[in-house]
Amino acid sequence: MVAMETSENSLQSSRFFDLVAWLGRLAVSLIVPICTFLVMWRGFIFLRDGAAPKLVMALVAIIWGVGGVAILFVVSNWLVERLSVRWRSYLLPFVFVGPGLAILTWYLFLPTVRTLYYGFFNRTSTKFVGFNNFIFALTDKAMLESFRNNLLWLIVGTSLSVIFGLLIAILADRSKFEKIAKSLIFLPQAISFVGAGVIWRFIYYYRPPGEEQIGLLNAIVVALGGEPLAWLTLRPWNTFFLIAIMVWLQTGFAMIILSAALKGVPEELLEAARIDGATEIQIFFGIIIPYIQGTIITVSTTILIATLKIFDIVFVMTNGLYGTEVMASQQYKQMFKYQDFGRGSAVAIILLITVIPVMFYNLRQFREREAF
Amino acid sequence: MSKKRQKLISDILVNGSLLLLCLIWTLPSLGMLVSSFRPRDDVLTTGWWKIDWSQLTLKNYDQVFSGKEIADASMPGGVAKGEDMSQAFLNSLVVTVPSTIIPILIAAFAAYGFAWMKFPGRKVFFIMVVAMLAVPLQIALIPILRDYTKLDLNGTFLAIWLAHTGFGLPLATYLLYNYISALPRDILESAFIDGASHFTIFTRLILQLSIPALASFAILQFMWVWNDLLVALVFIGSRPEVAVLTQRLMDMTGSRGQDWHLLMAGAFVTMSVPLFIFFMLQRYFVRGILAGSVKG
């Protein structure tokens, strides 16, 4: 009897301790995230209003940003590991993929839907306007011009980049100076579109006839006995001069990838063809091109997409004047210059529609490649 | 003999055309580099190819970092200092470093989750990641701008970090998933038997094994963010306290159209960091570019 009582007592007291422990754990589980949040918030306020020397601010900002994300993972993992096994195994995957999915949803998935929605409303998204924005986007004179230009960018820009890339890859493959040549061609890849714009403005620089030309292109023209030209205002050729900058930047990318593919063409195949008396040109079109076809398609698609979204070059070089507008610069103009979010959204949706084939291609590739 | 000659001719042809192409590709950058060392008057009066070696100077770089010298009689020495690029340089670093590390961290966690954990919706979510690879970021500008206006985030670094994270995340997750899911299964299984948690395995084991993939993506994303203009223009705005190098450089093309000497030095300053990475880490850089060619 006595023994039973004590055991009941101890049972009760152990229940009591359980409760305390549970409460304690709950408190800790709450306090830790709250403290984390407070520290992060203080950091945010400091960064927003702080007046420390700029180097200090820069360091604090970097530590705050990177550290904050790391702490987020540590704390949420810590919280989930406190749970029972069943809950833990259920929630832990979401600690891992949750933040990524949340950001993806906020920054890409929902915006797609929302932009489509805004496209049917007026400039401030307060009044439904039906298809008006899309009709504008598909019929307006400036828009049609930007479609035409974008098409030129896509066709001329992409094909020239790929052709030059392939040509240089093949030449380099047969040269002793392969490494240095490839480095030189590849170098512009490290340069921003804005930086490239500055460099090329200097190439295209124009001064009236009779004055000394400091732009390379006009200096050459004058030295050959011609009249200097204002390249960037010369419709419709100016678009091609802008495309040249793109080709200059992208050829290195095409070359690097195509060069890797070329090295994969088996030497025996080429030797056999040579013994059969095929000319180099026949070998090139009959063997090499078919062999690296897949790579050519990949490279072309990548450059196509980059070209489709081209913005910086036009924005820096001509600001879309003189008939050089493209879709992305039109969208920017609609958003910020005219403050018309309806039309800006419609243009963005058209951009999206043009990449849908690539989206499906990516998905198909992925599904073919593995049983997920 | 004739075969030898043929070989010689083809060698000359190959190397000659290669040399010509390299020359064309290098000339623009060379012009910029030379001009950035020439004094103002020289840049404005003669072409850069007529270099006067004795005139080359570092003064342009000095002005780019300490402010343009403007003639002003009221100031000591007769010159006033204009805005400089050092703030923009710092801003670019503050924007780029977290915008590179944050997406990598988040994507690595997600990639591990997709590769090694079972949960409902795994397949659907990953298909969403793949579908988002090619989506042009233009689609997100207006909605996100509105969210930021509501949250009062416009013009803050946090705003642009998150934006770059969002836009870089599909590619990062996709690349890292490909890598992490291909790691040998038995490494993980033996770690599990030893009682390690997912978190420990991830931080101690997976992150270290994935360093090549992480580095490749890091370089790709770093270059992308450092060279970006559009996202910075939309979400940061042009306040000098926050404006990045590409924005400063763009402003200079407008307001300093005649200051070619400063513009060229400024352009070279913005390129210095990517060029440094390019030369130091070319192997990773190329690998990253090869891997990233699925991106939209």
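Residues numbered from 1 in each chain as written. Chains lettered and ligands numbered in written order. Predicted model: local features only at pLDDT ≥ 70, side-chain atom pairs only at ≥ 80, totals over all residues. Heavy atoms only, no water.

J.: How do you make sense of the overall build of chain A when you look at a structure like this?
T.: Counting its secondary structure elements, chain A contains 15 helices and 0 strands. The C-alpha radius of gyration computed for chain A amounts to 31 Å, which surpasses the reference 21 Å derived for 372 residues by more than 25%, pointing to a less compact arrangement than a globule. Each principal axis of the C-alpha atoms in chain A carries an extent, and together these give about 120 × 65 × 50 Å. Per-residue burial over chain A gives 47% buried out of 372 residues. Pairs at least 24 residues apart make up 64% of the contacts formed inside chain A by residues separated by at least 6 positions. As displayed, chain A has an accessible area near 19100 Å², and 70% of this comes from carbon and sulfur atoms. (Helix = DSSP H or I, 4+ residues; strand = E, 2+ residues; numbered from the N terminus. Rg over C-alpha atoms; globule rule 2.2 N^0.38 Å. Buried < 20%, exposed > 50% of the residue type's maximum accessible area, 1.4 Å probe, protein only. Contact = heavy atoms within 4.5 Å. Areas by Shrake-Rupley, 256 points an atom, 1.4 Å probe, with all protein chains shown as cover.)

J.: Looking at this structure, I do not really get the overall build of chain B. What am I missing?
T.: Helix and strand content of chain B: 14 helices and 2 strands. Taken across its 296 residues, chain B has 57% of its residues classed as buried. Of all intrachain contacts in chain B linking residues separated by at least 6 positions in sequence, the fraction that spans at least 24 positions is 69%. Accessible area for chain B stands at about 12400 Å²; split by element, carbon and sulfur atoms hold 66% of it.

J.: Is there a simple way to explain unusual backbone geometry in this structure?
T.: Note on backbone geometry: most residues besides glycine have negative phi, and most peptide bonds are trans. In this structure, the amide linkage connecting Arg235(A) to the following residue, Pro236(A), adopts the cis form with an omega of -15°. With respect to the secondary-structure elements, Pro236(A) resides in the loop between helix 8 (216-223) and helix 9 (238-262). Phi angles above zero are rare outside glycine, and Tyr322(A) is one such case at about 55°. Within the secondary structure layout, Tyr322(A) lies in the loop between helix 13 (312-317) and helix 14 (327-337). By relative accessible area, which is 36% here, Tyr322(A) ends up partly exposed. Even without glycine at this site, Asp152(B) takes up a positive phi of about 60°. The residue Asp152(B) is located in the loop between helix 6 (138-151) and helix 7 (157-180) in this model.

J.: Could you clarify how one ought to interpret helix 4 (residues 132-139) of chain A in this entry?
T.: Residues lying three or four places apart along an α-helix face the same way, a consequence of the helix completing one turn every 3.6 residues. Residues and elements named next belong to chain A. Within helix 4 the residues assigned to the buried category are Asn133, Phe134, Phe136 and Ala137. Each buried residue of helix 4 lies within a common arc of 155° when the element is viewed along its axis, so the set occupies one face. Buried-residue contacts for helix 4 involve helix 3 (85-118), helix 5 (141-173), helix 14 and helix 15 (341-369). (Arc of directions from axis to C-beta.)

J.: Help me out: how do you make sense of the packing of helix 7 of chain B against helix 10 (residues 211-227) of chain B in this one?
T.: Each pair of packed helices can be described by the angle between their axes along with the distance between the axes. Residue and element names in this part refer to chain B. Following both chains from N to C, one finds helix 7 and helix 10 inclined at 160°, their axes separated by 10 Å at the closest point. For the element pair helix 7 / helix 10, the angle class is roughly antiparallel. Seen along the crossing, helix 7 lies across helix 10 with a hand that is right-handed. Residue-level inspection shows His164, Gly168, Leu171, Ala172, Leu175, Leu176 and Tyr179 of helix 7 in contact with helix 10, the latter providing Pro212, Ala213, Leu214, Phe217, Leu220, Gln221, Trp224 and Val225. (Axes fitted to C-alpha atoms, helices over the stretch in contact; angles between N-to-C directions. Parallel < 35°, antiparallel > 145°, perpendicular 65-115°, else oblique. Left-handed = near helix turned anticlockwise from the far one by under 90°.)

J.: Sorry if this is basic, but what is going on with the interface of chain B and chain A here?
T.: The parts lose accessible area when they come together, and the size of an interface is often stated as this lost area. Contact residues are listed per partner, giving 113 residues for chain B and 109 residues for chain A. Taken together, both faces of the contact between chain B and chain A bury some 10300 Å²; the carbon and sulfur share is 78%. Inspection of the chain B/chain A interface yields 2 salt bridges. Of the charged contacts, one joins Glu212(A) and Lys50(B) as a salt bridge, the two residues approaching to 2.7 Å between their closest N and O atoms. Counting every contact that joins chain B to chain A gives 13 residue pairs in polar contact (both at pLDDT 80 or more). (Buried area = accessible area lost by both parts, 1.4 Å probe. Salt bridge = Lys/Arg side-chain N within 4 Å of Asp/Glu carboxyl O. Polar contact = N/O pair within 3.5 Å; in protein donor to acceptor, adjacent residues only side chain to side chain.)

J.: How should I be thinking about a nonpolar patch on the surface in this particular structure?
T.: Together, Leu19(A), Trp22(A), Leu23(A), Leu26(A), Leu30(A), Ile34(A), Phe37(A), Leu38(A) and Trp41(A) give the surface a local cluster of nonpolar side chains, amounting to about 950 Å² of exposed area. Accessibility expressed as a relative area gives 48% for Leu19(A), which makes it partly exposed. (Patch = residues over 30% accessible without salt bridge, like charges linked within 9 Å, V, L, I, M, F, W, Y side chains within 5 Å.)

J.: Hey, could you run me through the domain arrangement of chain A in this one?
T.: All names here are of chain A. The domain boundaries assigned to chain A delineate domain 1 (2-118) and domain 2 (140-369). Taking only C-alpha atoms into account, the centre of domain 1 sits 47 Å from that of domain 2. Each partner contributes to the interface: domain 1 provides 4 residues, whereas domain 2 provides 5 residues. In total, about 350 Å² of surface goes out of reach between domain 1 and domain 2, with carbon and sulfur atoms giving 80% of it. Linking domain 1 with domain 2 are 0 salt bridges, by the criterion used here. When grouped by side-chain class, the residues that make up the side of domain 1 that touches domain 2 number 2 nonpolar, 2 polar and no charged. (Domains from an automatic or database assignment. Nonpolar A, V, L, I, M, F, W, Y, C, P; charged D, E, K, R; others polar.)

J.: I'm lost on the confidence of the model for chain A in this one. Help?
T.: Reading predicted coordinates in detail is not appropriate for stretches of low pLDDT. Averaged over all residues, the pLDDT of chain A equals 85, while 94% of them reach at least 70. For chain A, per-element mean pLDDT is lowest for helix 1 (residues 2-49) of chain A, which scores 71, and highest for helix 5 of chain A, which scores 92. (pLDDT = per-residue confidence, 0-100.)

J.: Teacher, can you tell me more about the pattern of salt bridges here?
T.: Oppositely charged side chains can form a pair if their charged atoms are brought close together. Residue and element names in this part refer to chain A. In the structure shown here, the tally under the stated rule is 12 salt bridges over all chains. A salt bridge links lysine 263 to aspartate 173; its shortest N-O distance comes to 2.7 Å. Taken as a pair, lysine 263 in the loop between helix 9 and helix 10 (267-275) and aspartate 173 in helix 5 lie far apart in primary sequence, 90 residues in all. Among the residues examined, lysine 263 registers a relative accessible area of 45% and is labelled partly exposed. According to the relative accessible area criterion, aspartate 173 is partly exposed, its value standing at 37%. Between arginine 274 and glutamate 271 there is a salt bridge, and its shortest N-O distance comes to 3.3 Å. Of this pair, arginine 274 and glutamate 271 are both found in helix 10, 3 residues apart, which corresponds to roughly one turn of the helix.

J.: Got a minute to help me understand the environment of Met255(A) in this structure?
T.: Residues and elements named next belong to chain A. In this structure, methionine 255 sits in helix 9. Methionine 255 sits in the buried class, given a relative accessible area of 0%. As for methionine 255 and isoleucine 170, which are separated by 85 residues in sequence, their C-alpha atoms are 8.9 Å apart.

J.: Looking at this structure, I do not really get the packing of aromatic side chains. What am I missing?
T.: By convention here, two paired aromatic rings are described through the distance between centres and the angle between planes. Tallying each qualifying case throughout the model produces 46 aromatic pairs over all chains. An angle of 35° between the planes, with centres 4.7 Å apart, marks the rings of Tyr117(A) and Phe121(A) as tilted. An aromatic cluster is present here, built from Phe94(A), Phe366(A), Phe114(B), Phe119(B), Phe126(B), Tyr174(B) and Tyr177(B) joined pairwise through their rings. Just above the ring of Trp78(A) sits the side chain of Arg82(A); from NZ or CZ to the centre is 4.2 Å. Here the guanidinium or amino end of Arg343(A) rests over the ring plane of Phe136(A), the centre of that ring lying 3.7 Å away. (Phe/Tyr/Trp six-rings, centres within 6.5 Å; stacked < 30°, edge-to-face > 60°. Lys NZ or Arg CZ within 6 Å of the ring centre and 35° of its normal.)

J.: Sorry, what's going on with the side chain of Glu325(A) here?
T.: All names here are of chain A. Mapping glutamate 325 onto the fold places it in the loop between helix 13 and helix 14. Polar side-chain contacts of glutamate 325 include one of 2.9 Å to the side chain of lysine 333. Those residues in contact with glutamate 325 that sit more than four places away from it in its chain are Glu145, Ser146, Asn149, Gly320, Gln330 and Lys333.

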